[in-house]
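# Fold and contact review
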Amino acid sequence: MIAALQLERQVEMAARRALRFAVTVEGSNIGPETLDQLRDEVARLAVAYPQRPLPALLGDLIELQDVAFRLLEGRQRPAEAAEMYLLAGAISGMLAKASHDLGDPRSAMTQARAAYVCADNASHDGLRAWTRGLQSMIAYWAGWPNDAVRYAQLGADPAARTTGTSSVWLPAQEARAWAILGDADKAENAISRASDARNQVQGDDLDALGGIMTFTRPRQLYYLADARVWLPGAEAQAEQAASEAITAYQDAEPAQRSFSDEAGARADQALARATCGDLEGAAEALRPVLDLPPDQRIGGVVSSVMRVHSALRTPEARTAPVSRDMQLEIEAYSQTPASAALPRGR
């Protein structure tokens, strides 16, 4: 297994060398081969991001962003420049997500702003809407729910001009921001808008990149659970949505899987059960999340698990042996996040 991973890494490094060579040989303007290679690399990383540990991808993302920015400092024909800005925006967006996953929301927002500048230069409403969804998500997990609502609403206009899945992500993200603020009516309204947007979806070129650049149906179900788990009296609905999300991920094609969102759905299932007093059921739901290796314990996953820890502090739960065991395991789990798996000096 280790030998296979080493061989895969060598192949990826060789591909990056080939990309750098092609960029150099084709000169200051971007040729068709360079664009094709960049597009293929962005698509590869977009699909890999939800499935592979972040430490295995971060170096590739940083290097690819450097290549894209250096190319954009040169001169291109308008059509080539628009395509390059789209790809550079997607790369910057993935690096924003990487910064967020490593627990650095300020750097995440800086990368997200770069992605939005690229979206503007590409005149691409899908990327504009996607980046606003990204900014809203970063704010949500950073504990800035009002900012999360604001960013989601800022994306409404470009979302209305696209039929890609970013038009679904924005209201789905807005729903869980309203829910954490305690506004059930606005949360349910946003949930309804996300459902309506899903019915109108026709994938765009951003969705064609796949992976993290598209908002899948299983991910929408996870967001539904993540919204309703905050609404008093909606625990049963939250657990149902979480169960549907878990099943949908398990049934999905490999390219549509996401270890982090599936972990989030399982944590929501555990939280809903713990809130209802089903501590054994909560422990069962959380077990696959606690079994994730350290390099997959990204920021959102750890935060989701810590929510369950908070739910176990009630007087009713606190004295149960299963509750104590879960709390101790969660505390140990959160002390070794994905950032600890990064190579020293990076």
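I will try to describe carefully the structure that is included in this document.

The rules behind the values
- Every chain's residues receive numbers from 1 upward, in the order its sequence appears when written.
- This being a predicted model, a pLDDT of at least 70 is required before a residue's local features are given, and a value of 80 or more before pairs of side-chain atoms are given or counted; all residues contribute to the totals for chains, interfaces and linings.
- Derived side-chain values reflect all non-hydrogen atoms in the structure, with water molecules and hydrogen atoms excluded from consideration.
- Secondary structure elements follow DSSP: runs of H or I no shorter than four residues count as helices, runs of E no shorter than two count as strands, and numbering proceeds from the N terminus.
- Burial classification: accessible surface area is computed with a 1.4 Å probe over protein chains only, and a residue below 20% of its type maximum counts as buried, one above 50% as exposed, and the rest as partly exposed.
- Contacts were defined at the residue level, with two residues in contact if any of their heavy atoms lie within 4.5 Å.
- Each aromatic pair joins two rings of Phe, Tyr and Trp (for Trp, the six-membered one) with centres within 6.5 Å, and gets the label stacked for planes under 30 degrees apart, edge-to-face for over 60, and tilted for any other angle.
- Each ring is checked for a lysine NZ or an arginine CZ that lies within 6 Å of its centre and within 35 degrees of its normal; such an atom marks a charge sitting over the ring.
- Each salt bridge in this description consists of a side-chain nitrogen of Lys or Arg and a carboxyl oxygen of Asp or Glu lying within 4 Å of one another.
- Expected span of a helix, by definition, is 1.5 Å for each gap between consecutive residues, and there is one gap fewer than residues.
- By the criterion applied in these results, polar contacts are pairs of N or O atoms within 3.5 Å in which, for protein atoms, one can donate a hydrogen and the other can accept it, and in which residues neighboring in sequence qualify only through two side-chain atoms.
- Take the buried residues of types Ala, Val, Leu, Ile, Met, Phe, Trp, Tyr and Cys, join any two whose side-chain atoms come within 4.5 Å, and each joined set is a nonpolar core.

Helix and strand counts for the protein chain come out as 18 helices and zero strands. Burial statistics for the protein chain: of 346 residues in total, 55% are counted as buried. Summarising the internal contacts of the protein chain: among those between residues at least 6 apart in sequence, 68% fall at separations of at least 24.

Right, let's talk about the packing of aromatic side chains for a bit. Counting across every chain of the model gives five aromatic pairs. Ring centres 6.2 Å apart and planes at 15 degrees place the aromatic pair W169 and F215 in the stacked group. A residue pair is termed long-range when its members are at least 10 positions apart, and W169 in helix α9 (residues 166-180) and F215 in the loop between α11 (205-209) and α12 (217-228) qualify at 46 residues. Taking relative accessible area as the criterion, W169 reaches 2% and is therefore assigned buried. The exposure class assigned to F215 is buried, which follows from its relative accessible area of 2%. An aromatic cluster of three or more residues is present, and its members are W130, W169, F215, Y222 and Y223. Over the face of the ring belonging to Y151 we find R150, whose NZ or CZ atom lies 4.5 Å from the ring centre. Taking the ring centre of Y223 as reference, the NZ or CZ of R176 above it sits at 3.7 Å.

This paragraph deals with the pattern of salt bridges. Applying the stated criterion across every chain, the model contains 22 salt bridges. Where D101 meets K97, a salt bridge forms, and the shortest distance between an N and an O atom there is 3.0 Å. A residue pair is termed a helical-turn pair when its members lie 3 or 4 positions apart in one helix, as D101 and K97 do in helix α4 (residues 78-101) at four residues. Among the residues examined, D101 registers a relative accessible area of 4% and is labelled buried. A salt bridge links D261 to R219, with the nearest nitrogen and oxygen atoms 3.1 Å apart. Pair noted here: D261 is in helix α14 (residues 259-275) and R219 is in helix α12, with a separation of 42 residues, a long-range link. Residue classification places D261 among the buried residues on the basis of a relative accessible area of 12%. Since its relative accessible area comes to 8%, R219 is described here as buried. Members of the salt-bridge network, linked through shared partners, are D120, D125, R128 and R161.

Before going further, it helps to examine helix α15 (residues 279-290). For α15, which comprises 12 residues, the first-to-last C-alpha distance of 15 Å matches the rise-based estimate of 16 Å (1.5 Å per residue) to within 8%. Residues L279, G281, A282, A285, L286, V289 and L290 constitute the buried set of α15. Turning to α15, the residues buried within the fold contact α14, α16 (299-311), α17 (315-318) and α18 (321-334). Where α15 begins, one side-chain oxygen reaches toward the backbone nitrogen of G281, 2.9 Å away; that side chain belongs to D278.

Take the side chain of E262 next. With respect to the helices, strands and loops of the structure, E262 is situated in helix α14. Under the relative-accessibility criterion, E262 is labelled buried at 11%. Dropping the residues within four chain positions of it, E262 is found in contact with Y249, Q250 and R257.

What follows concerns the nonpolar core. Grouped together as the largest cluster of nonpolar side chains are 73 residues, with contacts concentrated most on V42, M84, M94, L134, I138 and M213. Ranked by the residues each element gives to this core, the list is headed by α4, at 10 residues. Leave out the neighbours within four places in its chain, and I138 touches A96, H100, P105, A108, M109 and A112. In this structure, V229, A267, L271 and L286 belong to the second largest nonpolar core, which totals 29 residues.

Of note, G264 is situated in helix α14. Residue classification places G264 among the buried positions, given a relative accessible area of 1%. Along the sequence, G264 and A225 sit 39 residues apart, while their C-alpha atoms lie 9.2 Å from each other. In this structure, G264 is in contact with Y222 and S304, ignoring residues within four places of it in sequence.

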